[in-house]
Amino acid sequence: MAFVIVQYLDPTHKGIMPELLQRATQMRVVQVKDRTKVQPECVYVIPPNKDMSILHGVLHLLEPAAPRGLRLPIDFFLRALAQDQRERSIGVILSGMGSDGTLGLRAIKEKAGVVLVQDPATAKFDGMPRSAIDAGLADIVAPVDELPAKILAFLQRSPLIARADVALEDKTQSALEKAVILLRARTGNDFSLYKRNTLQRRIERRMGIHQIHRLAGYVRYLQENSQELDLLFKELLIGVTSFFRDPDVWEKLRRHVLPTLLANRSPSHALRAWVPGCSTGEEAYSLAMLFKEAVELARPKGNFSLQIFATDLDRDAIDKARQGFFPENIADDVSEERLKRFFTKEDRGYRVCKEIREMVIFAPQNLIHDPPFTKLDLLCCRNLLIYLTGDVQKKLLPMFHYSLSPSGILLLGSAETIGDHTELFAPLNGKARLYRRTETLARPELIAFPSAFSASPAAAPEVSPPPKPPASLQSLADQLVLQRYAPPAVLVNDKGDICYISGRTGKYLEPAAGKANWNLFAMARDGLRYELTDAFQKALRKPETVTLHGLAVGTNGGRQWVDVAVQQLREPGPLHGLVMIVFTDVATPVAAVAPGRATKSAVRSPRVAELEQELLRVRAESRATHEEMQTSQEELRSANEELQSTNEELQSTNEELMTSKEEMQSLNEELQTVNTELQSKMDEFVRTSDDMKNLLDSTNIATLFLDKEINVRRFTPQMTKIIKLIPGDVGRPITDLASELRYPELADDAREVLRKLTATEKPIAARDGRWFTVRIMPYRTLDDRIDGLVLTFADITAAKTLEAKLRGAGGK
């Protein structure tokens with residue numbers, strides 16, 4: 001293990017930290033030089049006036065890019081450490097001012113590293129430790145003298161398995177599943193849909209923090225400590241994000257994608273975007289800022305708007321995102337121009353301006369179980385799919401296709417792709433993972449919401465197949481018999497779709513004209529179609545084999561007589577439920593052979609002539625009957641086609657109803673989201689209103705709020721003792737109200753303050769002998785707009801009385 005120390009240093013003075021540390025440790029302490037290879041049991045100290053990074057275990061020094069006072073060297077190094085050492089990285093935050101290090105700790109947490117923070121109560125300056133703890137990033141909080149032992153205990157943990165591609169033992173797998181069950185019971189979320197390696201690494205990390213060596217012991221710890229279940233839940237959510245992550249992707253979005261969306265939409269059509277897995281909101285706010293810049297860049301005709309839905313599983317993260325407050329070190333990701341335009345500087349951080357916050361609606365949502373948002377122009381799902389199993393990814397991507405409007409845009413993370421769903425999305429920029437929704441010719445599978453995707457059983461490890469044994473004489477003979485002497489057969493599912501063909505079936509089946517269709521009934525030749533349909537339905541209802549004898553099948557230029565056997569396979573196994581159809585050629589029936597002529601030696605008697613006449617008459621009647629049957633068969637065929645057409649119409653109507661149901665469910669989800677957001681804002685408004693009322697009441701200062709037209713907006717109870725105010729006076733001009741003050745210039749002074757935007761203050765006497773200091777100030781909103789006036793009336797009667805007494809005493 002090696003130690004790297006990054007601290008704030010005066011760039012104009014030589015650092016003496018290496019000498020001081022060397023006195024306290026037997027390890028070798030060195031000040032870093034460029035391209036210093038990290039060695040175990042060494043301490044490396046950053047030199048003054050340098051930024052430091054690490055690549056493949058080698059420390060590199062860089063010239064600071066930011067001016068003095070705005071540098072964030074700790075964040076810079078911790079981010080590089082997370083990328084280079086991944087789960088082996090350990091971040092320790094000690095005493096310091098500001099919030100430097102918080103973003104770097106987020107990167108370490110994302111890579112499954114561990115974070116230790118000095119207890120703020122023991123720190124001389126608690127700014128940096130407090131920032132890391134408030135961000136929910138600290139795994140261990142302890143006094144500084146206890147941190148080394150915590151680190152050593154964590155490093156002594158044993159992994160659950162030695163290699164990720166080795167199957168877990170039954171006991172370990174059972175304990176892992178029990179942990180998932182406990183999480184589901186506590187949070188209502190099923191983490192069996194997460195990739196096994198991700199689940200193992202996160203649980204293993206928590207076990208190392210608590211110094212628990214066996215998974216079964218950790219499961220017992222979870223059962224006894226509900227708080228640990230909450231911490232494991234947070235751990236698995238991996239809420240790591242930042243503003244404008246991967247800047248090149250956002251630049252392509254700003255310069256190419258958003259202008260195209262604006263060009264293809266009318267101003268009356270508000271653009272809609274969805275950011276699932278939004279965490280604390282940085283990505284959603286980045287998209288809102290980018291849209292504002294894209295509108296200015298494209299300068300479209302009309303007033304365009306964008307509505308962003310941002311959702312996440314973590315309710316605490318959603319609450320934090322709604323506040324829109326971020327630490328000062330976001331200046332490392334957000335340009336100075338954007339900070340000035342889209343943020344308001346506050347104590348210890350920045351708050352997103354109201355204009356941007358109003359573009360985003362935050363709501364808790366389970367992407368896998370809850371209905372999606374629909375009719376979207378942009379869907380931004382970055383670095384979420386990589387944590388889910390392949391089966392869940394295959395079901396989410398068609399759902400994304402359903403959610404997007406025609407030509408809608410899908411944005412994925414740098415390590416994510418659309419996989420095999422190339423018929424649903426076309427790449428716009430493969431490197432940036434930008435895709436456009438395409439219209440597929442295949443009928444999409446209807447999605448039933450809520451769509452709880454069940455987890456597939458854990459896949460067994462891939463084992464290389466053993467070498468095939470040489471073919472035996474018996475197997476070769478069996479293959480020859482099947483190829484040359486077995487009757488042709490077809491294996492289909494319960495809808496008639498062909499799954500397998502054995503032998504030559506061209507005499508009985510032929511491809512239908514038009515769009516390719518591998519359905520048995522569409523491919524059946526004349527003479528088979530209707531009889532085969534009836535036999536197929538009987539075979540589905542009855543356990544025995546249904547056999548058709550002597551069917552005349554129309555072939556190319558002739559007829560073939562055939563027997564057909566239809567049987568549903570009911571034996572357990574992979575063929576269960578499928579239907580086997582076997583075709584067997586038979587000889588032409590005697591009745592179908594043309595009557596031969598009598599031999600010349602035959603003696604034609606009157607009886608024979610009579611029989612021949614009777615035979616001719618019967619044949620004529622039979623021919624007429626056959627023609628009538630053909631006519632009836634044509635009528636039945638026509639009626640059957642009409643029924644099929646009606647059935648297709650009913651199916652189409654049913655699909656339309658299902659689609660309408662899905663849209664209504666999605667719309668209901670949106671309404672619930674908006675309602676949650678409005679309820680949250682209402683609660684915040686009530687709390688703010690209560691805070692303001694209690695603050696004004698506690699000051700015991702009469703305060704009056706006026707709008708820009710000098711009308712009453714709000715007043716405190718103490719104000720009623722100076723101006724005759726009642727609740728019904730809200731909205732009335734101040735000049736219409738009776739006042740105890742000898743201050744006829746009040747309205748003029750108020751208008752002058754609005755004009756000059758500078759406060760004014762003067763003492764004013766009342767008719768009953770009281771004196772007040774009247775202060776008139778502009779009413780400024782958070783986004784620095786003037787929206788009226790604030791008037792305060794401080795009672796200075798006692799001071800004036802004392803002043804008069806002093807003057808009287810001085811005159812004597």
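Residues take numbers from 1 onward in each chain, read along the sequence in its written order. At least 70 in pLDDT is required for a residue's local features to be given in this predicted model, at least 80 for side-chain atom pairs to be given and counted, and no such filter applies to totals for whole chains, interfaces and linings, which use all residues. Heavy atoms throughout the structure, all of them, feed into the side-chain values; hydrogens and water do not.

1. Here we look at the overall build of the chain
Okay, step 1: For the purposes of this entry, the term helix denotes a DSSP run of H or I that reaches at least four residues, the term strand denotes a run of E that reaches at least two, and both are numbered from the N terminus. For the chain, the helix and strand inventory stands at 21 helices and 29 strands.
Okay, step 2: For the exposure calls, accessible area comes from a 1.4 Å probe over protein chains only, and a residue counts as buried if that area is under 20% of its type's maximum, exposed if over 50%, partly exposed in between. The proportion of buried residues among the 812 residues of the chain is 39%.
Okay, step 3: Contacts spanning at least 24 positions in sequence make up 62% of the contacts within the chain whose residues lie at least 6 apart. Note on contacts: a residue pair is in contact if any heavy atoms of the two residues lie within 4.5 Å.

2. What to know about the sheet that holds strand β21 (residues 498-502)
Okay, step 1: Spatial ordering of the open sheet is given by β21-β20-β24-β23-β22, a layout of 5 strands whose pairing is antiparallel. On the outer flanks of this sheet lie β21 and β22 (546-555), each paired with one strand and no other. On average, each strand axis in the sheet is inclined to that of its neighbour by 25 degrees, with strand direction left out of account.
Okay, step 2: Two strands qualify as a pair provided DSSP detects at least 2 bridges between them. One ladder, built from 8 bridges, connects β22 with strand β23 (residues 558-568); its direction is antiparallel. Residue Val546 lies in a different strand from β23, and its bridge partner there is Val566. Axes here refer to lines fitted to C-alpha atoms; in helices the fit is confined to the stretch in contact. Angles between the N-to-C directions go from 0 to 180 degrees.

3. Describing the side chain of Arg338
Okay, step 1: Structurally, the position occupied by Arg338 is in helix α13 (residues 336-342).
Okay, step 2: Discounting residues that sit within four places of it in the chain, Arg338 has contacts with Phe244, Arg254, Leu290, Glu293 and Phe343.

4. Things to note about the sheet that holds strand β8 (residues 114-118)
Okay, step 1: Here we have 3 strands laid out as an open sheet, ordered β7-β8-β9, and parallel in their pairing. Unpaired on one side and paired on the other, β7 (90-93) and β9 (140-142) mark the two borders of the sheet. Taken over all neighbouring pairs, the strand axes of this sheet differ in orientation by 15 degrees on average, direction set aside.
Okay, step 2: Sheet topology places β8 next to β9; 3 bridges connect them, and they run parallel. Across the sheet, Leu116 pairs through a bridge with Ile140, a residue of β9.

5. Remarks on the pairing of strand β14 (residues 349-352)
Okay, step 1: As paired elements, strand β12 (residues 325-326) and β14 share 2 bridges and run antiparallel to each other. By the bridge assignment for β14, Phe326 is matched with Tyr350.
Okay, step 2: Summarising the sheet, strand β13 (residues 343-346) and β14 pair through 4 bridges and their orientation is antiparallel. In the strand pairing of β14, Glu346 is matched with Gly349.
Okay, step 3: Between β13 and β14, which pair antiparallel and follow one another directly, the connecting turn spans 2 residues, one of which, Arg348, has a positive phi of 65 degrees.

6. Details of the confidence of the model for the chain
Okay, step 1: Chain-level pLDDT for the chain is 81 on average; 87% of the residues reach the 70-or-more range.
Okay, step 2: When the criterion is pLDDT under 50, residues 160-166 qualifies, and its contacts beyond four places in sequence or with other chains add up to 12 contacts.
Okay, step 3: Each residue carries a pLDDT value, the predictor's own confidence for that position, ranging from 0 to 100. Scored below 50 in pLDDT, residues 448-465 shows 25 contacts in the model against residues more than four places distant or in partner chains.

7. Looking at the state of the cysteines
Okay, step 1: Throughout, disulfides are identified as pairs of cysteine sulfur atoms within 2.5 Å of each other. Within the structure shown, the criterion is met by 0 disulfides.
Okay, step 2: Distance from the sulfur of Cys380, which forms no disulfide, to the nearest cysteine sulfur (Cys381) is 7.8 Å.
Okay, step 3: Residue Cys380 is classed as buried on the basis of its relative accessible area of 2%.

8. Considering the pairing of strand β6 (residues 58-62)
For a regular strand, the rule is simple: side chains alternate between the two faces of the sheet.
Okay, step 1: The pairing of strand β3 (residues 36-37) with β6 spans 2 bridges and is classified as antiparallel. Bridge assignment links Lys37 to a residue of β6, and that residue is Val58.
Okay, step 2: Between strand β5 (residues 51-55) and β6, which follow one another and run antiparallel, lie 2 residues, and His56 among them has a positive phi close to 55 degrees.

9. Remarks on a nonpolar patch on the surface
Okay, step 1: Patch construction takes residues with relative accessible area above 30% that form no salt bridge. Like charges are linked within 9 Å, and nonpolar side chains (Val, Leu, Ile, Met, Phe, Trp, Tyr) are linked within 5 Å. Where accessible areas are quoted, they stem from the Shrake-Rupley method and a 1.4 Å probe; at the residue level, only the protein chains shown are allowed to cover. Any carboxyl oxygen of Asp or Glu that lies within 4 Å of a side-chain nitrogen of Lys or Arg is treated as forming a salt bridge with it. On the surface, Met1, Phe3, Leu152 and Leu155 cluster together into a nonpolar patch covering about 330 Å² of accessible area.
Okay, step 2: Structurally, the position occupied by Met1 is in the segment before β1 (3-5).
Okay, step 3: Residue Met1 is classed as partly exposed on the basis of its relative accessible area of 37%.

10. Points about the nonpolar core
Okay, step 1: Definition used in this section: a nonpolar core is a set of buried Ala, Val, Leu, Ile, Met, Phe, Trp, Tyr and Cys residues joined via side-chain atoms within 4.5 Å. In terms of nonpolar packing, the biggest core is built from 47 residues, with Ile203, Phe400 and Leu410 touching the most fellow members.
Okay, step 2: Where this core is concerned, the elements lending two or more residues are α6 (170-187), α7 (196-210), α8 (215-224), α9 (226-237), β16 (376-381), α15 (390-403) and β17 (404-412).
Okay, step 3: When residues of this core are assigned to their parent elements, the largest contribution, 6 residues, is made by α6.
Okay, step 4: Residues contacting Ile203, with those up to four places away along its chain left out, are Leu176, Ala179, Leu215, Tyr218 and Leu232.
Okay, step 5: With 46 residues, the next largest nonpolar core counts Phe243, Met289, Leu306 and Leu339 among its residues.

11. A look at the packing of helix α2 (residues 73-85) against helix α3 (residues 102-110)
Okay, step 1: Interhelical geometry of α2 versus α3 gives an angle of 10 degrees and a closest axis separation of 7 Å. For the element pair α2 / α3, the angle class is roughly parallel. In this structure, α2 contributes Asp75, Leu78, Arg79, Leu81 and Ala82 to the contact, and α3 contributes Thr102, Leu103, Gly104, Leu105, Ala107 and Ile108.
Okay, step 2: Basically, the charged four are Asp, Glu, Lys and Arg, the nonpolar ten are Ala, Val, Leu, Ile, Met, Phe, Trp, Tyr, Cys and Pro, and anything else, Gly included, counts as polar. When its residues are assigned to classes, the contact of α2 with α3 shows 7 nonpolar, 2 polar and 2 charged. Reported orientations rely on four angle classes, namely roughly parallel under 35 degrees, roughly antiparallel over 145, roughly perpendicular from 65 to 115, and oblique for the rest.

12. A few points about helix α5 (residues 147-155)
Okay, step 1: Taken together, the buried positions of α5 are occupied by Leu147, Ile151, Ala153 and Phe154. Projection of α5 onto a plane perpendicular to its axis shows the buried side chains occupying an angular sector of 165 degrees, all on one side.
Okay, step 2: Contacts from the buried residues of α5 go to β7, β8, β9 and α7. Of all possible arcs, the one meant is that of the directions from the helix axis to the C-beta atoms.

13. Brief notes about the packing of aromatic side chains
Okay, step 1: Pairing of aromatic rings covers Phe, Tyr and Trp, the last counted by its six-membered ring, and requires centre-to-centre distances within 6.5 Å; plane angles under 30 degrees mean stacked, over 60 mean edge-to-face, and any other angle means tilted. As enumerated under the stated definition, the model contains 14 aromatic pairs in all.
Okay, step 2: Taking the centre distance of 6.5 Å and the plane angle of 25 degrees together, the rings of Tyr218 and Tyr221 count as stacked. Taken together, the residues span about one helical turn, with Tyr218 and Tyr221 both in helix α8 at a distance of 3 residues.
Okay, step 3: Note on Phe309 and Phe373: the rings are 4.6 Å apart at their centroids and 15 degrees apart in plane angle, and the pair reads as stacked. Residue Phe309 is found in strand β11 (residues 306-312), and its partner Phe373 is found in the loop between β15 (360-364) and β16; the two are separated by 64 residues along the sequence. Accessibility classification places Phe309 together with Phe373 in one group, the buried group.
Okay, step 4: Sitting above the plane of the Phe244 ring, Arg338 keeps its charged end 4.0 Å from the centroid. Only Lys NZ and Arg CZ are tested; either one counts as a charge over a ring when it is within 6 Å of the ring centre and within 35 degrees of the ring normal.

14. Some words on unusual backbone geometry
Okay, step 1: We note that Phe244 has phi near 50 degrees; this positive angle belongs to a residue other than glycine.
Okay, step 2: Structurally, the position occupied by Phe244 is in the loop between α9 and α10 (247-263).
Okay, step 3: With relative accessibility at 6%, the residue Phe244 sits in the buried group.
Okay, step 4: The phi dihedral of Lys375 is positive, around 55 degrees, even though this residue is not glycine.
Okay, step 5: Tracing the chain through its elements places Lys375 in the loop between β15 and β16.

15. Some words on α3
Okay, step 1: Counting buried positions along α3 yields 9 of 9 residues, so the element is predominantly enclosed.
Okay, step 2: Ala112 sits one or two residues past α3 and shows a positive phi near 70 degrees.

16. Concerning the pattern of salt bridges
Oppositely charged side chains can pair when the atoms bearing their charge come close.
Okay, step 1: Under the definition given, this model contains 35 salt bridges.
Okay, step 2: Between Lys354 and Glu358 there is a salt bridge, and its shortest N-O distance comes to 3.9 Å.
Okay, step 3: Glu358 sits in the partly exposed class, given a relative accessible area of 49%.
Okay, step 4: Through salt bridges with shared partners, a single network forms among Glu251, Arg254, Arg255, Glu293 and Arg338.

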